[in-house]
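Examining the three-dimensional arrangement
Residues per chain, in single letters:
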Amino acid sequence: MGKGERDKSVRERIAQQRELERKQAMRKKIATYVTVGVVAVATVGAGVWFGQSKTQSEAAGANLAPITVQGDGTVVMAKEGVTSPVVDIFEDFQCPACKQLEEISGSTFKNLAAEGKAKVVFHPITIFPQDFNKGITRGNSVRAAAAAMCVTDGPQWLAYHDKLFKQQPDETVEGFKVDDLVAWGKDVGVTADGFDSCVTTQKHAATVTAFSDKTIQAQKIEGTPTVKLNGTAIDNQVLFSPEELRKTVDAAN
């Protein structure tokens, strides 16, 4: 073997090792965030994490702020003229902790936007690597996010967003099957032209993957849910406490 071939072999081994370390780190981060979600559910009732009064979800307001689906897959919820503070929600429809955040603080995000106190931006991404749980979990995640991109009407998108979290499958089994994704769209009143075929063909799957990779790198996302207020990540204890979350956003005003 010549020197050039030896050097190439060494570079390839180094690259493979770095990729292995990256995937191991990602799996560790995913496990941490999933654990956070499970612990949050287990401890809220007992008051170990924080008091029951602080975790009481707000009642959803009668009206929503205008909702606009952007071309890149993000969705903006804000009253006209409201540009700050900006609340960026990075979430994965297959992430258990994201589901818990939606159940506990989802109405607070909606209310803050409706009250003109924040511009809320949803960033649906997939955080799971291809080889996590034999690809099952990532497949679930991508199918759900790709289906959401088939919804072009703002209020319909938000209704579908909420439905996906309610129907979230266990991360160890195949879920978010295309037939179900189509049916749930009908359940919440999605009327987008070509919605059925868009979902069943997974038209936006590649877009979701590319958008996720770009977002994770650009925003330095280490797990979901990640919520940023004017670019700074909000602590989990604040996120899962509607009372503290509202105080934090109000203070940014």
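Before any of the text, the structure's been laid out above.
Residues numbered from 1 in each chain as written. Predicted model: local features only at pLDDT ≥ 70, side-chain atom pairs only at ≥ 80, totals over all residues. Heavy atoms only, no water.

**Brief notes about the nonpolar core**
In terms of nonpolar packing, the biggest core is built from 51 residues, with Val87, Tyr160 and Leu164 touching the most fellow members. No other element matches the seven residues that helix α2 (residues 96-114) contributes to this core. With eight residues, the next largest nonpolar core counts Ile127, Phe128, Phe132 and Phe211 among its residues. (Core = buried A, V, L, I, M, F, W, Y, C linked by side-chain atoms within 4.5 Å. Buried < 20%, exposed > 50% of the residue type's maximum accessible area, 1.4 Å probe, protein only. Helix = DSSP H or I, 4+ residues; strand = E, 2+ residues; numbered from the N terminus.)

**Section: the packing of aromatic side chains**
All told, the structure shown has five aromatic pairs when counted by the stated rule. Note on Phe122 and Trp157: the rings are 5.4 Å apart at their centroids and 50 degrees apart in plane angle, and the pair reads as tilted. Within this pair, whereas Phe122 is found in strand β4 (residues 119-124), its partner Trp157 is found in helix α4 (residues 154-166), the two being separated by 35 residues in sequence. In this structure, Phe122 and Trp157 share a single accessibility class: buried. (Phe/Tyr/Trp six-rings, centres within 6.5 Å; stacked < 30°, edge-to-face > 60°.)

**Points about the state of the cysteines**
Applying the stated criterion to the full structure yields one disulfide. Here Cys150 pairs with Cys198 through a disulfide, and the sulfurs are 2.0 Å apart. Between Cys150 and Cys198 the sulfur-sulfur dihedral comes to about -80 degrees; the bridge is accordingly left-handed. Taken together, the residues Cys150 in the loop between α3 (136-148) and α4 and Cys198 in helix α6 (residues 195-200) connect sequence positions 48 residues apart. With respect to burial, Cys150 and Cys198 carry one shared label: buried. (Disulfide = S-S within 2.5 Å.)

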